[in-house]
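# Structure at a glance
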Amino acid sequence: MSWTADDIPDQTGRIAVVTGANGGLGLETARELARKGALVVMGARNQEKAERAVADIEAEVPDAKLELRVLDLASLASVKTFAERVIAEHPRIDLLINNAGVMAIPQTPTDDGFEMQFGTNHLGHFALTAQLMPALVATPGSRIITVTSTARHAATKLNADDLNMDDNYTPWGAYGRSKIANMNFALELNRRLEQSGSTVMSLAAHPGYSNTDLQAHSAREHGGASQRFFAKTVQWVGMSPSRGALPQLRAATDPAARGGELYTPRWVNTGSPVRRPVTGRRNRPDDMKQLWGISEEATGVEFDVEALASPDAS
């Protein structure tokens, strides 16, 4: 039988942090977790849109437990402030859903000077996960879900000497690079967690071809032919956001899910959520370790999983 949101176990008493929770997949993820009883911390940059998202959820789930927090993943200062405030209020976190992202936009810098897609989609989430880790390791069996994309298969290779792609920037190449980084981060994080003996699990998910505002935003920002094409076709053949969110929801809540797994639509870009084997020439241990080192240096955040997962860590 197909897995649906009805299969999500009771989440009462659990704390979930969802990035990009003001629309699309993030909104649907927050909605379903709240429907099942979780307290959902909704991280979002656009607070006006986020307030509408809260009202939308509460109209459908009147007893929803929601907390709205400012989070701009393109600003490491914003990430740090968000993480500090969340941990101060929630010293234990059960779920972190690294969902937010931008797609196929013109070359633009983050607040810290990084290429926007790599900086937002990967570096922001890398820093956020590291800074929320004390609350995650304090919760046995907590999970970190990082959202990737089939675009990772067409990624431009990561070049440590040209991190901002000044020599060869293309909107889709940069997007693919950020999405393979998401995938490799999820896998390397899980490897380090397992090595440390932690019960925290890191998994990856991709939503397939989902009709969210991501494609429309890309078309508005860039205006290229491919962006306009995808913005139109996703309206005709794309899955609804509620269906597109199912892979990450299954990765986050299915009792049978295990660290290091990948959840995707059954037919690559459409269908019910299933577990898929992790394959591909990009998923190499050396690449993952290189990405980790580059990410620590770029963000200035030391992410020592073994130290953070130690029973003596404070």
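Structure shown above.
Let us look at the structure shown here. On a predicted model such as this, the values are computed, not experimentally measured, just so you know.

### Quick notes on the side chain of Asn22
Counting through the fold element by element, Asn22 comes out in the loop between strand E1 (15-19) and helix H1 (24-35). With near-sequence residues (within four places) excluded, Asn22 lies in contact with Leu27, Ala44, Asn46, Lys49, Ala50 and Ala53.

### Observations regarding the side chain of Ser75
Relative to the helices and strands, Ser75 is located in the loop between strand E3 (65-70) and helix H3 (76-89). Relative accessible area serves as the criterion here: at 10%, Ser75 is assigned to the buried category. Those residues in contact with Ser75 that lie beyond four places of it in its chain are Asp111 and Asp112.

### Topic: the sheet that holds strand E6 (residues 201-205)
Strand pairs in the sheet, formed through backbone hydrogen bonds, run parallel or antiparallel to each other. Strand order in the open sheet formed by eight strands is E3-E2-E1-E4-E5-E6-E7-E8, and the pairing between neighbours is mixed. Two strands bound the open sheet, and with one partner strand each, they are E3 and strand E8 (273-276). The sheet shows a mean angle of 20 degrees between the axes of neighbouring strands, direction not considered. Pairing between E1 and strand E4 (residues 95-98): three bridges, direction parallel. Within E4, the residue paired with Val17 across the bridge is Leu96. Sitting on the sheet, H3 touches E1, strand E2 (39-44) and E3, and the angle it makes with E3 is about 150 degrees.

### Focus: the environment of Lys49
With respect to the helices, strands and loops of the structure, Lys49 is situated in helix H2 (residues 47-60). Placed 26 residues apart in sequence, Lys49 and Gly23 show a C-alpha to C-alpha distance of 7.7 Å.

### Considerations on the packing of H3 against helix H4 (residues 116-137)
Angle between the axes and distance between the axes: these two values describe a pair of packed helices. With their axes 9 Å apart at the nearest point, H3 and H4 run at an angle of 20 degrees to one another. Judged on the interaxial angle alone, H4 and H3 are roughly parallel. Pair H3 / H4 crosses with right-handed handedness. Within the contact between the two elements, H3 uses Leu76, Val79, Lys80, Phe82, Ala83, Val86 and Ile87 and H4 uses Leu123, Gly124, Ala127, Leu128, Gln131, Leu132, Pro134 and Ala135. When grouped by side-chain class, the residues that make up the contact of H3 with H4 number twelve nonpolar, two polar and one charged.

### A short note on the nonpolar core
Counting residues in hydrophobic clusters, the biggest one holds 41 residues, and the most contacted among them are Val17, Leu128, Leu132, Leu189 and Phe303. At the level of secondary structure, the elements contributing two or more residues to this core comprise E1, E2, H3, H4, helix H5 (171-196), helix H10 (285-299) and helix H11 (305-309). The dominant element in this core, judged by the number of residues it contributes, is H4, at ten residues. If you look at the next biggest cluster of nonpolar residues, it comprises 33 residues, including Trp3, Ala16, Leu27 and Tyr263.

Definitions and limits used
Residue numbering note: each chain is counted from 1, following its sequence as written. With pLDDT at 70 or above as the cut-off, local features in this predicted model cover only qualifying residues; side-chain atom pairs require 80 or more to be listed or tallied, and sums for whole chains, interfaces and linings still use all residues. For the side-chain quantities, the full set of heavy atoms in the structure was used; hydrogens and water were omitted. Every helix listed is a DSSP run of H or I at least four residues long, and every strand listed is a run of E at least two residues long, numbered separately from the N terminus. Contacts are assigned to residue pairs that have any heavy atoms within 4.5 Å of one another. Type-normalised accessible area, obtained with a 1.4 Å probe on protein chains alone, sets the label of each residue: buried when under 20%, exposed when over 50%, and partly exposed for intermediate values. Whether two strands pair comes down to DSSP finding at least two bridges between them. Angular values range over 0 to 180 degrees, each being the angle between N-to-C directions of two axes fitted as lines to C-alpha atoms, with helices fitted over their stretch in contact. For classification purposes, an angle smaller than 35 degrees is called roughly parallel, one larger than 145 roughly antiparallel, one from 65 to 115 roughly perpendicular, and anything else oblique. Left-handed describes a crossing whose near helix is turned anticlockwise from the far helix through less than a right angle; right-handed describes the clockwise counterpart. Just so you know the grouping, Ala, Val, Leu, Ile, Met, Phe, Trp, Tyr, Cys and Pro go in nonpolar, Asp, Glu, Lys and Arg go in charged, and all remaining residues, Gly too, go in polar. Take the buried Ala, Val, Leu, Ile, Met, Phe, Trp, Tyr and Cys residues and link them wherever side-chain atoms come within 4.5 Å; each set so joined is a nonpolar core.

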